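# Remarks on the overall topology
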Amino acid sequence: MAEAGTGFLEQLKSCIVWSWTYLWTVWFFIVLFLVYILRVPLKINDNLSTVSMFLNTLTPKFYVALTGTSSLISGLILIFEWWYFRKYGTSFIEQVSVSHLRPLLGGVDNNSSNNSNSSNGDSDSNRQSVSECKVWRNPLNLFRGAEYNRYTWVTGREPLTYYDMNLSAQDHQTFFTCDTDHLRPADAIMQKAWRERNPQARISAAHEALEINECATAYILLAEEEATTIAEAEKLFKQALKAGDGCYRRSQQLQHHGSQYEAQHRRDTNVLVYIKRRLAMCARRLGRTREAVKMMRDLMKEFPLLSMFNIHENLLEALLELQAYADVQAVLAKYDDISLPKSATICYTAALLKARAVSDKFSPEAASRRGLSTAEMNAVEAIHRAVEFNPHVPKYLLEMKSLILPPEHILKRGDSEAIAYAFFHLAHWKRVEGALNLLHCTWEGTFRMIPYPLEKGHLFYPYPICTETADRELLPSFHEVSVYPKKELPFFILFTAGLCSFTAMLALLTHQFPELMGVFAKAMIDIFCSAELRDWNCGSIFMRVEDELEIPPAPQSQHFQN
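Structural notes, computed from the coordinates. Bear in mind the structure is a predicted one, so any value in this text is a computation, not a measurement.

## Quick look at the overall build of the protein
Looking only at helices and strands, the protein features 28 helices and 2 strands. Residues counted as buried form 40% of the 562 residues belonging to the protein. Residue pairs in contact within the protein that sit at least 24 positions apart in sequence constitute 70% of those at least 6 positions apart. Counting only carbon and sulfur atoms, one obtains 59% of the accessible surface of the protein, whose full area is about 33,200 Å².

This is how it looks when you write it as structure tokens:
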């Protein structure tokens, strides 16, 4: 019975929605016809005359207050709409209309079951869009204690957002803990330490764990958060390597004895790889670049399957610092493959290598006269490919936007990835003569090939629409997030701006010229509201203006008097 009642209500609702969707014009004319038929019983003409007489008695002060209040309200709406658009990238009124009013008027829900009949190509595109909106660990992230905290001490600004640090805490719990940690007192303490939000509580827990045993994860936490210099961090990481290597060798012998031992060995492997990678980054920061390259190569050979750390991006940056461009090309040949996920580092490094071959002799004037050579065409195509993948990078490389410290997590193809890439690779582009000039002359040509980047791409999938929202969570509030494609101002912001300006102008004119504006307002009210005055012409309006202002009549000529 209840199901029958529910079905009837749903059917009735669908009928009402259908009627409003397709028969709204008929409904409109029916309402007009009823108003016309009932005009005599409702005394519409008398009521309009009464309203007209009431409005004629209003003073100019009323119109000043009315227009001023309208301007104030529309101005407040404009300010709120602008703030909402700057923060969320959409209009509040449009969002409410689409979310709440559109379903009532027969709009189609995007999550309805009708979408189950979509094609396989659309499904693949949606899955790719979701994967591209995934947040990744920044392979070139800085040290919290030695770099991020020093920035805070100097500037008083927080370079990391709560969302970014929360993601890092989840990564630490995933990589550095396992189910058997409660069996070892030091690991049990560190398991709780990674969940702590207070940095001092985490550091105290790490010291407590070290009093019990030589714990590798405790040294990692102290190196990341307590060390104030890179040298101190490197010293702590070397102690962590000594402890972590012993745990790794012991768990390696027992990994086949059960699932618990296998999970512990996986955790120890992650700890060891993390320590060696950070030691290589310390060597790179301290100027020992060749040593850092050797450590990274050895690490990639020892653990070739752990691609989640993206160690090859650290290797590319170090090789560019050594200007070992042949080795850079060899690394790109291995990782710049169609089956592997791309990154700004891979795409823009490939573009830099091709630009290096022609950038020192490139001239836009000469290229416009004789056309592009084959090498120049390859370089331009590589730049277009890189810009299509991440269109935010060129503004940072060309110093059109100011750089900030990169976050600990990035969104591929987003502003956060562009900042992380440009922060470390800007010096490499400057070192290649003419590379930035070639980039400056050609990067904007990419957008002519993809006029609708959210719908269809050229070499990659369409640009994901989720990057702006995720980047606003990853980047600090004092940074202006780069948005692509550039969004136009919503209609309601322009509408409220025009309404606010128009009503403010009316209020000012009414305040300065109350008699004249009052006469015109009354005349317009009489024209639109009084049925008896519909046949007035422009001459009668000007006569009323003359009478109200008490303008004396022009003197008659002598010929007229005679």
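## As for the environment of Leu499
Summarising the element assignment, Leu499 is placed in helix α25 (residues 491-512). Classification of Leu499 by relative accessible area gives partly exposed; the value is 34%.

## Thoughts on the nonpolar core
Among the nonpolar cores identified, the biggest contains 96 residues, and Met190, Ile220, Phe237, Tyr348, Leu397 and Trp429 are the most heavily contacted of them. If sequence neighbours within four positions are ignored, Trp429 has contacts with Tyr348, Leu352, Leu397, Tyr421, Ala435, Leu436 and Leu439. One finds Leu140, Tyr148, Leu405 and Phe424 within the second-largest nonpolar core, a separate group that totals 6 residues.

## Overview of empty space enclosed by the protein
Tallying each qualifying case throughout the model produces 4 cavities of 30 Å³ or more. What lines the largest cavity is a set of 15 residues, and nearest its centre among them are Pro139, Glu313, Thr345, Ile410 and Glu417. Listing elements by their share of the lining of the largest cavity, those giving two or more residues are β1 (135-137), α17 (344-356) and α21 (415-431). Per element, the largest residue contribution to the lining of the largest cavity is 3 residues, and it comes from α21.

## Some thoughts on the environment of Ala146
Inspection of the secondary structure puts Ala146 in helix α7 (residues 144-155). In sequence terms Ala146 and Glu225 are 79 residues apart; their C-alpha atoms lie 7.5 Å from each other. Sequence-distant contacts of Ala146, defined by excluding residues within four places in its chain, comprise Ala227, Thr228, Thr229 and Ile230.

## A short note on the packing of aromatic side chains
A complete count under the given rule lists 6 aromatic pairs for this structure. Summarising the aromatic geometry, the rings of Tyr248 and Phe303 are spaced 6.1 Å apart at their centres and angled 75 degrees between planes, so their arrangement reads as edge-to-face. With a gap of 55 residues between them, Tyr248 in helix α12 (residues 230-254) and Phe303 in the loop between α14 (289-302) and α15 (311-321) connect regions that are remote in the sequence. Considered together, Tyr248 and Phe303 belong to a single accessibility category, that of buried residues. The rings of Phe176, Trp194 and Tyr274 are connected pair by pair, giving a single aromatic cluster. Of note, Lys134 hangs over the ring of Trp136, and the distance from its end group to the ring centre comes to 4.6 Å.

## Brief notes about the packing of helix α19 (residues 374-389) against helix α22 (residues 435-442)
Contact pair α19 / α22: the axes reach a minimum separation of 10 Å and the direction vectors enclose 70 degrees. The angle between the axes of α19 and α22 places the two elements in the roughly perpendicular class. Note that α19 runs across α22; the crossing there is right-handed. Counted together, Ala379, Val380, Ile383 and His384 of α19 and Leu438, Leu439 and Thr442 of α22 form the full contact between these two elements.

## Here we look at the pattern of salt bridges
Where side chains of opposite charge bring their charged atoms close, a pairing between them can arise. Within the structure shown, the criterion is met by 21 salt bridges. Ionic pairing is found between Glu234 and Arg288, a salt bridge with its closest N-O pair at 2.3 Å. Of this pair, Glu234 sits in helix α12 while Arg288 is found in the loop between α13 (259-285) and α14, placing the two residues 54 residues apart along the sequence. Across the salt bridge formed by Lys430 and Glu399, the nearest N and O atoms sit 3.5 Å from each other. Here the residue Lys430 occupies a position in helix α21, and Glu399 occupies one in the loop between α20 (393-397) and β2 (409-411), the gap between them amounting to 31 residues. In this structure Lys430 comes out as partly exposed when scored by relative accessible area, which is 47%. Classification of Glu399 as exposed rests on a relative accessible area of 52%. In the salt-bridge network here, residues are joined through shared partners; they are Arg144, Arg202, Glu225 and Glu408.

## So, the layout of surface pockets
Looking at the second largest pocket, its volume works out to about 560 Å³. Lining of the second largest pocket is provided by 26 residues; of these, Arg144, Met165, Arg197, Pro199 and Arg202 occupy positions nearest its centre.

## Structural notes on α15
Counting buried positions along α15 gives 10 out of 11 residues, so the element sits mostly inside the fold. Of the positions making up α15, those classed as buried are Ile311, His312, Glu313, Asn314, Leu315, Leu316, Glu317, Ala318, Leu319 and Leu320. Buried residues along α15 sit in contact with α13, α14, α16 (325-335), α17 and α21. Gln323 sits one or two residues past α15 and shows a positive phi near 60 degrees.

## Regarding the side chain of Arg144
Tracing the sequence through the fold places Arg144 in helix α7. Exposure remark for Arg144: the relative accessible area of 12% places this residue in the buried category.

## Quick look at unusual backbone geometry
A positive phi is found at Gln323, a non-glycine position, where the angle reads about 60 degrees. If you trace the backbone, Gln323 turns up in the loop between α15 and α16. Here the phi dihedral of Glu399 falls at roughly 60 degrees; this positive angle occurs in a residue that is not glycine.

## Focus on the side chain of His384
Structurally, the position occupied by His384 is in helix α19. Here His384 falls in the buried class, since its relative accessible area comes to 14%. Beyond its immediate sequence surroundings of up to four residues, His384 is in contact with Thr442, Gly445, Thr446 and Met449.

## A look at a nonpolar patch on the surface
There is a patch of nonpolar side chains on the surface, built from Val26, Ile30, Phe33, Leu34, Tyr36, Ile37 and Leu38 and spanning about 680 Å² of accessible area. Locating Leu38 in the fold gives a position in the loop between α2 (24-37) and α3 (44-56).

## Observations regarding the packing of α12 against α13
Look at α12 against α13: their axes get within 8 Å of each other, and the N-to-C directions meet at 155 degrees. Judged on the interaxial angle alone, α13 and α12 are roughly antiparallel. In this structure, the crossing between α12 and α13 has a hand that is left-handed. Looking at side-chain class alone, the contact of α12 with α13 contains 14 nonpolar, 5 polar and 7 charged residues.

Reading the values: the criteria
Residues numbered from 1 in each chain as written. Predicted model: local features only at pLDDT ≥ 70, side-chain atom pairs only at ≥ 80, totals over all residues. Heavy atoms only, no water. Helix = DSSP H or I, 4+ residues; strand = E, 2+ residues; numbered from the N terminus. Buried < 20%, exposed > 50% of the residue type's maximum accessible area, 1.4 Å probe, protein only. Contact = heavy atoms within 4.5 Å. Areas by Shrake-Rupley, 256 points an atom, 1.4 Å probe, with all protein chains shown as cover. Core = buried A, V, L, I, M, F, W, Y, C linked by side-chain atoms within 4.5 Å. 1 Å grid on protein atoms, 1.4 Å probe; cavity = no way out; pocket = protein on both sides within 12 Å on 5 of 7 lines; lining within 4 Å. Points joined across faces, edges and corners; volume = space filled by probe spheres on them. Phe/Tyr/Trp six-rings, centres within 6.5 Å; stacked < 30°, edge-to-face > 60°. Lys NZ or Arg CZ within 6 Å of the ring centre and 35° of its normal. Axes fitted to C-alpha atoms, helices over the stretch in contact; angles between N-to-C directions. Parallel < 35°, antiparallel > 145°, perpendicular 65-115°, else oblique. Left-handed = near helix turned anticlockwise from the far one by under 90°. Salt bridge = Lys/Arg side-chain N within 4 Å of Asp/Glu carboxyl O. Patch = residues over 30% accessible without salt bridge, like charges linked within 9 Å, V, L, I, M, F, W, Y side chains within 5 Å. Nonpolar A, V, L, I, M, F, W, Y, C, P; charged D, E, K, R; others polar.

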